[in-house]
Each structure stands twice: as C-alpha cells, then as structure tokens.
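Structural description and commentary
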Amino acid sequence: MTESSPPPPLQLDTVQLGDDYYQRPLAYFARMREEGPVTLVTMPWGARAWLVTRYADVRAALADPRLYKDWAGKLTPPDWVPDEVTGYLNMHLLNADPPDHTRLRKLVSKGFTARRVAGLRPRVEAITRSLLDETEARAAVLKETGGEDTVDLIEAFAFPLPVTVICELLGVPAEDREQFRAWSNAIVADNAGPGAFRAAGTAMFHYFTNLVAAKRAHPADDMVSALIEARDSGDSLNERELIAMLFLLLVAGHETTTNLIASGTLALLLNPAEMARLRADASLLPGAVEELLRYVNPLNHATDRFTLEPVEIGGVTIPAREWVLCVTTSANMDPDRFPDAGRLDVSRDAGGHVAFGHGIHFCLGAPLACLEAEIAFGALLSRFPSLSLAADPATLRWRESSLIHGLETLPVRLA
Ligand code: HEM
C-alpha cells in the first residue's frame, strides 16, 4: 500500500477521523488496534460510530445477532414516512435481519452458487479479452499519434469488466453502465452531499421501476425476470424488496470488484517480485486473489450495524442504539492473525480473511468476484509483461468514501 508517514496523534476516547483518513486509513486502524480496539469515532462528515478493529472482535461482531441491520423496522418512529430512497432502495439484504433476511437471501442465492458461477467463466474470459483488445488498440493509437500512451486501468478495464458481467447476469442493458457508475459514486461517496445522494437514489429507483415494468411485459432469461416471476407467483418478495434487491446486486456487483482489480494491480506493481512469481506460475492465481483481498480490501469496513441493548465487545460495553462498524480492513491487517500482515505474499494462506464479511451476511457474490479477479489478473499479467505504473504512487488519490476503499484513477503503461 502507499501509506508511509505516521498518523497524527489520536484522542482515543472519541477519535475524529480527519480528511486524511480516506488517503491512509491503515495508519488510523493500526493505532486503534493497539490503543483502542473498540473506539467511538466521529467520521469525517460528522456521524458517530463505534469502530471495532481487531481480527477476533471483528469476526465475532460480524456474526453477533445482537448487532442488527434493519434500521427502518427497528429504529424509526411509528409515524415515519419513507420516501423512494429510504423506503424502497434500502429494503435489501444488508438492511434486513432474520426472518426477512433469510427469506430474501434464499431467493437469490441459487443464482450465485460456486457451480452456477463457474459456468460463467467462458463469458467472463470473452469480456476480458475484448476489453483488453480495445484498451491495447487505444494505447497503440495514442502512441502512434505521438500522445501520452498511458491508460486509466479503472476506466478501461477494472470498472467495465464487473459492471458488464453483473448487467448481463441481471438482464440490465450494459449501455447504461456509465449512468450506474455516476449514480453509484454519488451513493457511496461521503462528500457528494445529501442532495446528490437523494437525486442519485431517486433516479435509480425510477430506473429500476421502469425496468421491472418492461421485463414484466417481456420476460427474458435473466435474473430480473426470475425475481419478477418469484414476486408475481407468490408472496415471497414484495415490490419494494424486488427493486431494492436489483439495486443492491447492481451496486454490490461492481463497486467492490472494480476496486479489487485496480488496487490489486497497484499492489502487484508496487511489489514486483510478487508480481513476477505470479506471472511465472499461474497456479498461484486463486490463492493470490485471496491474499489480494486481504491486502487491498475494497471495503474499509462492513456495512452499518446497530445495538438495541448494551453489547460488550472486546471488553468494551457499547450502549444501546449506537452504530457499529466492523473494520474488516483492519482485521485483515491484524498481526495477531496474519503474521507479517503488512507484507504482500501471493503464496500466503490468506484463508479466514474477512474481506467478504462473516456470518449470515457473508458476501453473496464472493465466488463471482473471485472468478472475475482471477481472470482479470491472469489476463493482465500474461498479455502485458511490461505493464507499469505511469504515475508517482504518492500522487494516487483514494476516493472519499468511508465504506469503499478504491483509487480514483490508475494510470498505467501497457508496454
Ligand atoms: C471483491 C469484491 C467484493 C467484496 C470485497 C465484497 C464484500 C462484501 C462484504 C464485506 C459483505 C458483507 C457486508 C456486511 O456484513 O455488512 C458483502 C455482502 C454482499 N455482497 Fe459482496 N463483495 C464483493 C463482490 C460482490 C459481488 C460481485 C456481488 C454480486 C452480486 C456481491 C453481492 C453482495 C450481496 C448481495 C451482499 C449481501 C449479502 C447479505 O446481506 O446476505 N458482492 N459483500
């Protein structure tokens, strides 16, 4: 990773995360693991949350039924009036507790089993090939015309690959992907402001409502049509839950994998000996993907949880009605669990990392993300033996999102 200088002093009774948190979160987390592993913080935009940073505590907290997710059902007053964003888009798996969570997850899990996903390999390989062909051709034209032959690997490859795959799986037109990118950015960014967040959420709500109407009229062999069929042939999914499910699958299906591919490539470029080992022995790829997930975790922390009663974690009692964030990135860097955790080792046994979470909300898309990443890294390394970073690593910027840890751009040279 690109963090070097020590963090500013922390007041561990209530930590204020500064704007530099986005650029070097690991520095904050390392201090917290040592000095206050369960700590009340003020996020850069002002919200309060308890951060849990040690591996053992994070893993236990992720599976703790006393940490809830259904805020709409459990924290809002009886006269709460939901709008399109809070009342529709948010009614998804990551804001649900059993038994609703169990019911909703059952409906989609068969679409994402390891066997089902393995069948997607030829298609993911074909999309990868075609995106890299286009990228190579574009770089060649730039070179011939005497221009700068650098490409932004996120724009050219790390973003379009996962978004195209999830769009095809769902049955959403891939031509709309730039629009999703803009909406999704506004939804996960901490600095977009409430107006932009709401506007993006409302636009997505209308987009999915129209898509469901169109697919209802003309069903196809895709997941949107299958979910509509489940909705219309029983009472297992209501209309709000249907829209929210599509929203979650689309956003979760690309934001994270994009960042695994981009940040993972950066990590390999900054660790050339590890990159050379991987290039020389493709059988290391599946294990290397797990190690890269541990090392560059695309999410700083898992999604929001809250307490309804006082809950003790790691010897600290968190009061009732408080927000709790399980910092999976910190857990993955905990030297008590992963010796020499700050070192990238593509042959390490990284099993047990919590980049995909743990417990009932364990990432539904994990097999798909791993398949995409394995194919992406394999293709990049074998096609471009001279792949190099086209920027000073110190100038690379990370997006201003507490949840997502991802680069804004990744300028590279292919040859
Ligand atoms: C590298 C890529 C990915 C990472 C690091 C990742 C990470 C995570 C994590 C940490 C959770 C649990 C959150 C929590 O407990 O608060 C989660 C849940 C989820 N992920 Fe992923 N994810 C990735 C890719 C995907 C993909 C490709 C999909 C495709 C559909 C997906 C769909 C979901 C869904 C639907 C959930 C909610 C599961 C539930 O609540 O039962 N994810 N993911």
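This text goes with the structure placed above it.
Presented here is a report on the structure given in the accompanying data block. Along each chain, numbering runs from 1 in the same order as the chain's sequence is written. For a predicted model such as this one, the threshold for reporting local features is a pLDDT of at least 70, and the threshold for listing and counting side-chain atom pairs is 80 or more; totals across whole chains, interfaces and linings nevertheless cover every residue. Water and hydrogen atoms were dropped before computing side-chain values, which therefore reflect all heavy atoms in the structure.

What to know about the sheet that holds strand 11 (residues 411–413)
Strand order across the open sheet formed by three strands is 5-11-10, with antiparallel pairing between neighbours. Two strands lie at the open edges of the sheet, namely strand 5 (151–152) and strand 10 (388–389), each paired on one side alone. Strand pairing is assigned whenever DSSP detects at least two bridges linking the two strands. To qualify as a helix, a DSSP run of H or I must reach at least 4 residues; to qualify as a strand, a run of E must reach at least 2; elements of each kind are numbered from the N terminus. In this sheet, strand 11 lies alongside strand 5 in antiparallel orientation, the contact comprising two bridges. The residue bridging Asp 152 from the neighbouring strand is Pro 411, located in strand 11.

Examining the nonpolar core
What is meant by a nonpolar core is a set of buried Ala, Val, Leu, Ile, Met, Phe, Trp, Tyr and Cys residues, joined one to another through side-chain atoms within 4.5 Å. Note on classification: 1.4 Å probe, protein chains only; a residue is buried when its accessible area is under 20% of the maximum for its type, exposed when over 50%, partly exposed between these limits. Membership of the largest hydrophobic core comes to 130 residues, with the highest contact counts inside it found for Leu 17, Leu 51, Phe 157, Leu 161 and Leu 410. When residues of this core are assigned to their parent elements, the largest contribution, 16 residues, is made by helix 13 (residues 239–270). Pairs of residues are marked as contacts when any of their non-hydrogen atoms sit within 4.5 Å. Residues in contact with Leu 161, not counting those within four places in the same chain, are Val 124, Ile 127, Thr 128, Leu 131, Ile 261, Glu 372 and Ala 376.

Section: the pattern of salt bridges
Here a salt bridge means any side-chain nitrogen of Lys or Arg lying within 4 Å of a carboxyl oxygen belonging to Asp or Glu. Within the structure shown, the criterion is met by 27 salt bridges. Glu 241 is paired through a salt bridge with Arg 103; the nearest N and O atoms lie 2.9 Å apart. Taken as a pair, Glu 241 in helix 13 and Arg 103 in helix 5 (residues 100–109) lie far apart in primary sequence, 138 residues in all. For Arg 103, a relative accessible area of 28% puts it in the partly exposed group.

Focus on the packing of aromatic side chains
Aromatic rings from Phe, Tyr and Trp, taking only the six-membered ring of Trp, are treated as a pair when their centres fall within 6.5 Å; an angle between ring planes under 30 degrees marks them as stacked, one over 60 as edge-to-face, and anything in between as tilted. The tally for this structure, following the rule as stated, stands at 13 aromatic pairs. Note on Phe 180 and Tyr 207: the rings are 5.3 Å apart at their centroids and 90 degrees apart in plane angle, and the pair reads as edge-to-face. Linking Phe 180 in helix 10 (residues 177–188) with Tyr 207 in helix 11 (residues 193–217), this pair joins segments that are 27 residues apart in sequence. We note that Phe 180, like Tyr 207, is buried. Summarising the aromatic geometry, the rings of Trp 183 and Tyr 207 are spaced 5.8 Å apart at their centres and angled 65 degrees between planes, so their arrangement reads as edge-to-face. With Trp 183 in helix 10 and Tyr 207 in helix 11, this residue pair connects regions lying 24 residues apart in the sequence. Here the aromatic residues Tyr 21, Tyr 22, Tyr 28 and Phe 29 are joined through ring pairs into a cluster of three or more. Whether a charge lies above a ring is judged from NZ of Lys or CZ of Arg, which has to be within 6 Å of the ring centre and within 35 degrees of the ring normal. The ring of Phe 159 has Arg 181 lying over it, and the distance from NZ or CZ to the ring centre is 4.5 Å.

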